[in-house]
Amino acid sequence: MLPQWIIAKKRDGQALTEEEIHFFIEGYGSGDIPDYQMSALAMAIYFQDMTFGETAVLTDTMMNSGSVLDTSSIDAPTADKHSTGGVGDKVSLILAPLVACAGIAVPMISGRGLGITGGTLDKLESIPGYRTDLSTDEFLATIRECGCSIIGQTAELAPVDKKLYALRDVTGTVPSIPLITASIMSKKLAENTDALVLDVKWGKGAFMKTLEDATRLAETMVEVGTKMGRKMAALLTDMNQPLGHTAGNALEIVETIESLRGDGPEDLMTVTLELSACMLTLTDKAANLDEARDMLHGFIASGMALEKFRTMVRLQGGDPGITDDTSLLPAAEMQRDFPAPASGYISAVNAETIGKACIVLGAGRREVEDNIDHAVGVSGLVKIGQEVKEGDKLLTLHSNNPERAAEAEAMLANAFEISTDRPDEPELIAARISGDDRS
Ligand code: URA
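Everything numeric here is computed off the predicted structure, so don't read it as measured data. (Residues numbered from 1 in each chain as written. Predicted model: local features only at pLDDT ≥ 70, side-chain atom pairs only at ≥ 80, totals over all residues. Heavy atoms only, no water.)

K.L.:
I keep staring at a nonpolar patch on the surface and nothing clicks. Help me out?
P.N.:
Residues Met1, Leu2, Trp5 and Phe23 make up a contiguous nonpolar surface patch of roughly 390 Å² in combined accessible area. Topologically, Leu2 is positioned in the segment before helix 1 (3–11). Residue class for Leu2 comes out partly exposed when judged on its relative accessible area of 36%. (Patch = residues over 30% accessible without salt bridge, like charges linked within 9 Å, V, L, I, M, F, W, Y side chains within 5 Å. Areas by Shrake-Rupley, 256 points an atom, 1.4 Å probe, with all protein chains shown as cover. Salt bridge = Lys/Arg side-chain N within 4 Å of Asp/Glu carboxyl O. Helix = DSSP H or I, 4+ residues; strand = E, 2+ residues; numbered from the N terminus. Buried < 20%, exposed > 50% of the residue type's maximum accessible area, 1.4 Å probe, protein only.)

What follows is the structure, encoded as structure tokens:
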């Protein structure tokens with residue numbers, strides 16, 4: 001078998017066998033197959049797609065390129081959530097401690113910002129002292145003690161994905177449903193949890209720009225997870241406008257703490273509570289979604305969820321005082337309100353433009369090696385449907401650099417649309433996909 005025969009077969013639109021996929025991916029992982037041949041196969045997959053069977057084999061092979069987390073020392077059902085990424089998406093930070101309150105262990109391995117989408121790890125690293133690089137033993141000990149831990153991808157976990165993802169990023173082969181499925185699911189299945197809930201985002205600020213593509217991605221991931229013995233569910237959620245009122249690392253930690261105190265924005269809380277409720281029902285901690293929602297509201301109202309977050313931060317070396325005093329988080333030198341150019345109803349808040357403006361401010365990376373500025377970003381963002389008067393604040397810009405602030409402001413001028421008629425509220429959760437229905 002030669003790599004070029006396999007590339008040509010996929011180029012011509014034929015399905016690859018299990019043996020061919022193993023040969024190629026294992027060869028790429030070991031270094032026997034070079035980047036140029038892997039790029040050619042990725043591009044052939046991008047254009048010719050893969051059958052469900054091929055995608056499942058690809059996922060399994062990538063998962064087995066590393067080790068699978070041994071969760072046997074955890075005496076509780078385990079569950080995790082994964083988001084395909086968005087602007088202002090701080091759901092994981094609220095959800096992990098919240099779900100842990102129900103007696104579910106949440107071993108969450110998260111990523112950094114990618115393109116315009118923010119990264120959970122970058123947000124957590126704005127907490128002074130917080131370590132995202134725990135060893136596997138420290139990770140498991142944290143989960144045993146407080147029920148949740150959020151860390152970065154370890155070297156042992158799906159190493160072929162790390163290599164392939166970097167290659168896809170520079171060869172125009174990221175937005176392929178089988179390649180995204182294998183990339184996300186190989187890492188998430190290696191966490192070895194009983195249940196996995198997916199937040200598949202669609203819209204201007206997401207990888208999947210249409211609801212149709214996002215639905216196909218969600219269905220494929222749910223089907224792969226179900227086939228591999230996990231209890232699965234997915235929500236299709238709106239990412240045309242940012243989630244909540246903030247985007248930017250420390251600013252999103254502030255909004256997380258407010259949410260855990262019970263003062264979270266409606267859209268952010270709805271997505272968080274619905275994903276969390278699925279985790280409670282999939283692990284049989286609640287009989288149905290209504291019961292799960294009641295339990296979750298109770299964990300926030302009693303202060304238990306905030307306390308869990310505080311404990312997780314402390315156990316991971318962070319300053320737990322930030323939960324009482326958010327001024328301990330990094331803050332930008334300059335804060336400037338961005339005024340509405342006209343009166344009317346907000347009819348669009350472009351998540352992609354806001355995400356790009358945040359990168360310009362320094363909240364995200366232009367190049368992989370870039371350092372980020374944890375303090376910068378936007379807060380007080382208006383939402384679609386809100387009525388404003390000319391000159392009212394549409395957002396507050398937080399910056400440490402006047403030139404970058406001016407560049408971001410010029411971009412933000414195109415981020416909002418204001419209409420004279422009240423627009424329809426966007427549908428936050430467009431669909432739910434359950435693994436049970438499909439198995
Ligand atoms: N996130 C991942 O981890 N992989 C992808 O391919 C896309 C988003």
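So that's the structure; there's more coming.
K.L.:
Is there a simple way to explain the packing of helix 1 against helix 3 (residues 35–48) in this structure?
P.N.:
For any two helices packed against each other, the geometry comes down to the angle between their axes and how far apart the axes lie. One way to put it is that helix 1 packs onto helix 3 with a least axis distance of 8 Å and a crossing angle of 15°. Between helix 1 and helix 3, the angle falls in the class roughly parallel. Crossing geometry of helix 1 relative to helix 3 is assigned as left-handed. On helix 3, the residues touching Pro3, Gln4, Ile6, Ile7, Lys10 and Arg11 of helix 1 are Gln37, Ala40, Leu41, Ala44, Ile45 and Gln48. Here the contact of helix 1 with helix 3 is built from residues that sort into 7 nonpolar, 3 polar and 2 charged. (Axes fitted to C-alpha atoms, helices over the stretch in contact; angles between N-to-C directions. Parallel < 35°, antiparallel > 145°, perpendicular 65-115°, else oblique. Left-handed = near helix turned anticlockwise from the far one by under 90°. Contact = heavy atoms within 4.5 Å. Nonpolar A, V, L, I, M, F, W, Y, C, P; charged D, E, K, R; others polar.)

K.L.:
Before we go on, may I ask you to explain the site of the ligand in this structure?
P.N.:
Every residue lining the ligand is accounted for by Tyr165, Arg168, Ile180, Ser183, Ile184, Lys187 and Phe207. At 2.5 Å, a side-chain N or O of Lys187 approaches an oxygen atom of the ligand. When the ligand is considered free in solution it has 240 Å² of accessible area, and contact with the protein chains removes 91% of it. Mapped by element, the contributors of at least two residues to the shell around the ligand are helix 8 (159–169) and helix 9 (177–190). Sort the elements by how many residues they give to the shell around the ligand and helix 9 lands first, with 4 residues. Looking at the shell around the ligand residue by residue, the class counts come to 4 nonpolar, 1 polar and 2 charged. (Near = heavy atom within 4 Å. Polar contact = N/O pair within 3.5 Å; in protein donor to acceptor, adjacent residues only side chain to side chain.)

K.L.:
Looking at this structure, I do not really get the domain arrangement of the protein. What am I missing?
P.N.:
Interfaces are often sized by the accessible area lost when the parts come together. Each domain of the protein was delimited in the assignment, giving domain 1 (3–48), domain 2 (79–154 + 161–177 + 190–325 + 429–434) and domain 3 (330–419). Its C-alpha centre places domain 1 at a distance of 32 Å from the equivalent point of domain 2. Contacts between the two partners involve 10 residues from domain 1 and, on the opposite side, 8 residues from domain 2. For the pair domain 1 and domain 2, the summed buried area comes to about 770 Å², and 71% of that belongs to carbon and sulfur atoms. On the domain 1 side of the contact with domain 2, Tyr28, Ser39 and Tyr46 bury the most area, a combined 55% of that side's loss. Our count for the contact surface shared by domain 1 and domain 2 stands at 0 salt bridges. Counting across the interface, domain 1 meets domain 2 through 1 residue pair in polar contact (both at pLDDT 80 or more). Split into classes, the residues belonging to the side of domain 1 that touches domain 2 amount to 6 nonpolar, 3 polar and 1 charged. (Domains from an automatic or database assignment. Buried area = accessible area lost by both parts, 1.4 Å probe.)

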